[in-house]
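Structure assessment
What follows is each chain in one-letter form.
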Amino acid sequence: FMIERTKTMSKDTTKSMTEGRPFGLILSFAFPVFLGMLFQQLYSMIDTMIVGKFLGEDALGAVGATGSLNFLIIGFCMGVCNGFSIPVAHQFGAKKESNLRRVVANSIWLCIIFSVIMTIITVVFCRNILSFMNTPAELIDDSYKYIVVIFAGIPVVYLYNMTAGIIRSLGDSKTPVYFLALASVINIVLDIAFICIFHTGVEGASYATVISQAVSGICCLIYMKKKFPILKISREELSFNKNWALSLCGMGIPMGLQYSVTAIGSVTLQTAVNSLGKSYVTAVAAAKKLSIIFCCPYDALGTTMATYAGQNIGAGKTERVGPGVKTAFQIALVYSVFIFIVLNLFSSKLLLLFVSAESTKIIKDAGLYILFGSAAYILLSLVNIVRFTIQGLGFGKFAILSGFLEMVARTVASFGLVPFLGYIGVCLADPLAWLFADCFLIPAYFRCIRICKKRLEEA
């Protein structure tokens, strides 16, 4: 990896967010990130569409039954990589180039270690976990065939998310999108080839996903090597450093655990859904696939605010963080109203992407799930914007606490609401989780800002 050194910062490929109006900076950065996340979700959406249309509703339910487990494990990988990229933004904002390269080098070592350990554990215990989750007997075999391949591909998840996170931290939010667009096309072709031509079953969809993500990760790696002189690392900088590694773990692991702790609540909820029968499992699977697509702007705003806050705190410009948060929330508010109207007018039509028109009960139940969720999207926007801003400021441990509250809320819904309200309890779980998290995150944000200002005054 990049064994050279330079003192020159690349003006063409890096972008500072420490100067200029927050609205223009946030919107121009968030839009490419949104497109990238949209392409990333297309992996899963296309898998689901082809599985549902060509392999049937049981196969769709089998893939859907792995959704929360997928989020638990893959979410941890993504969270760790996002956490590792925040110190990159700090060092870039502070213009400490050698430290930046040391951070990148140690991120590489840690990602290799984490990916090997996680791949072994998840592949070995995959079926046991599905059984523990009460996955319906008629779905468990296909669920296992699908998710075990995804888990075997954990190294490429780390590869893409690490490289894309570093590129974004240096201000370039567009390039990862191009590679994901390419990967999406490859994913479509491979999905059709594996499922429709080679008749591999549900595991064919997971093969397509892993191969496609590997392509996007390799492309990001090659791009970093060629286009970022600031990342050409010397042999000394490439060496593993205990102090840098511990610092990165202090940022990355809490973010990974935040994803996972949140996902534990989703696993608990999925277990409750499984107990209602495969019809509800399929309905929730279809509703979630559709909802995730329309929630990409909130994820994009969150990712943007992590970089925005990280660069500005690294540059000592704490006063720019507040206006940035306000701007992001205003964008999210307008979008939330718009998408609530769109989803509740057209959700029944959009769900036909995943299930047949004859599946009227599944469409009705999925539409109800979408109605409850979209009504609370403004709460979700606050979760993403405020949480990622706090992480960008360097307070990663707060993310675990907010994730813990989401887990508590979904657990309450699973054991307290679902037994009494049935499927309505499932529909209330996400809004309740977002409300719990916001009640903690908003006061925590103002406390973090006060701490940052105090540190700046004392420096």
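Quantities reported herein were computed from a predicted structural model and do not represent experimental measurements.

Quick notes on the overall build of the chain
Scanning the chain from N- to C-terminus turns up 17 helices and zero strands. Within the chain, the fraction of its 459 residues that count as buried is 59%. Carbon and sulfur atoms make up 69% of the accessible area of the chain, which totals about 18300 Å². Looking at charge distribution, the chain has the averaged site of its 37 positive side-chain charges lying 9 Å from that of its 24 negative ones.

Concerning the packing of aromatic side chains
For the structure shown, the criterion picks out 11 aromatic pairs. Seen from their ring centres, Tyr 445 and Phe 446 are 5.1 Å apart, and the 65 degrees between their planes marks the pair as edge-to-face. By relative accessible area, Phe 446 is classed as partly exposed at 48%. Members of the aromatic cluster, joined through ring pairs, are Tyr 298, Tyr 335, Tyr 377 and Trp 434. In this structure, Arg 127 is placed above the aromatic ring of Tyr 144, and the distance from its NZ or CZ to the ring centre is 5.3 Å. The positively charged end of Lys 361 is found above the aromatic ring belonging to Tyr 280, 4.0 Å away from the centroid.

Observations concerning a nonpolar patch on the surface
On the surface, Trp 109, Ile 112, Ile 113, Val 116, Ile 117, Ile 120, Ile 121, Val 124, Phe 125 and Phe 240 cluster together to form a nonpolar patch covering roughly 940 Å² of accessible area. Here Phe 125 lies in helix α4 (residues 97-132). Judged by relative accessible area, Phe 125 falls into the partly exposed class, the value being 46%.

Points about helix α6 (residues 154-169)
With 16 residues, α6 ought to run about 22 Å at 1.5 Å a step, and its terminal C-alpha atoms sit 22 Å apart, in line with that. With 14 of 16 residues buried, α6 is to be regarded as a mostly interior element. Count one or two residues on from α6 and you reach Gly 171, which has phi positive near 95 degrees.

Regarding the pattern of salt bridges
Inspection of the entire model under this criterion finds nine salt bridges. The salt bridge partner of Arg 387 is Glu 406, with a shortest N-O separation of 2.4 Å. Placement of Arg 387 in helix α15 (residues 377-393) and of Glu 406 in helix α16 (residues 396-421) is noted, with a sequence separation of 19 residues between them. Each member of the pair, Arg 387 as well as Glu 406, is classed as buried. A single network of salt bridges, built from pairs that share partners, joins Arg 387, Glu 406, Arg 410 and Asp 430.

What to know about the environment of Leu 371
With respect to the helices and strands, Leu 371 occurs in helix α14 (residues 360-375). The exposure class assigned to Leu 371 is partly exposed, which follows from its relative accessible area of 34%. Sequence spacing of Leu 371 and Ala 399 is 28 residues, and the spatial spacing of their C-alpha atoms is 27 Å. In this structure, Leu 371 is in contact with Phe 340 and Asn 344, ignoring residues within four places of it in sequence.

Details of the confidence of the model for the chain
On average, residues of the chain carry a pLDDT of 87, and 95% of them reach 70 or more. Under a pLDDT of 50 for its full length, residues 1-12 has, in the predicted model, 36 contacts with residues more than four places off or in other chains.

Quick notes on unusual backbone geometry
If you check the backbone angles, Lys 95 has positive phi at about 60 degrees while not being a glycine. As for its position among the elements, Lys 95 is in the loop between α3 (67-93) and α4. What makes Lys 95 exposed here is its relative accessible area of 58%. At His 199, a position not held by glycine, the phi torsion is positive, near 55 degrees. Along the chain, His 199 turns up in the loop between α7 (175-197) and α8 (202-227).

Describing the nonpolar core
Counting 73 residues, the largest nonpolar core has Tyr 298, Tyr 377, Ile 390, Leu 393 and Val 426 as the members making the most contacts within it. A per-element tally of this core places helix α17 (residues 423-458) first, with 12 residues.

Thresholds applied
- Residues numbered from 1 in each chain as written.
- Predicted model: local features only at pLDDT ≥ 70, side-chain atom pairs only at ≥ 80, totals over all residues.
- Heavy atoms only, no water.
- Helix = DSSP H or I, 4+ residues; strand = E, 2+ residues; numbered from the N terminus.
- Buried < 20%, exposed > 50% of the residue type's maximum accessible area, 1.4 Å probe, protein only.
- Areas by Shrake-Rupley, 256 points an atom, 1.4 Å probe, with all protein chains shown as cover.
- Lys, Arg positive; Asp, Glu negative; His and termini not counted.
- Charge placed at Lys NZ, Arg CZ, Asp CG, Glu CD.
- Phe/Tyr/Trp six-rings, centres within 6.5 Å; stacked < 30°, edge-to-face > 60°.
- Lys NZ or Arg CZ within 6 Å of the ring centre and 35° of its normal.
- Patch = residues over 30% accessible without salt bridge, like charges linked within 9 Å, V, L, I, M, F, W, Y side chains within 5 Å.
- Salt bridge = Lys/Arg side-chain N within 4 Å of Asp/Glu carboxyl O.
- Expected span 1.5 Å × (residues − 1).
- Contact = heavy atoms within 4.5 Å.
- pLDDT = per-residue confidence, 0-100.
- Core = buried A, V, L, I, M, F, W, Y, C linked by side-chain atoms within 4.5 Å.

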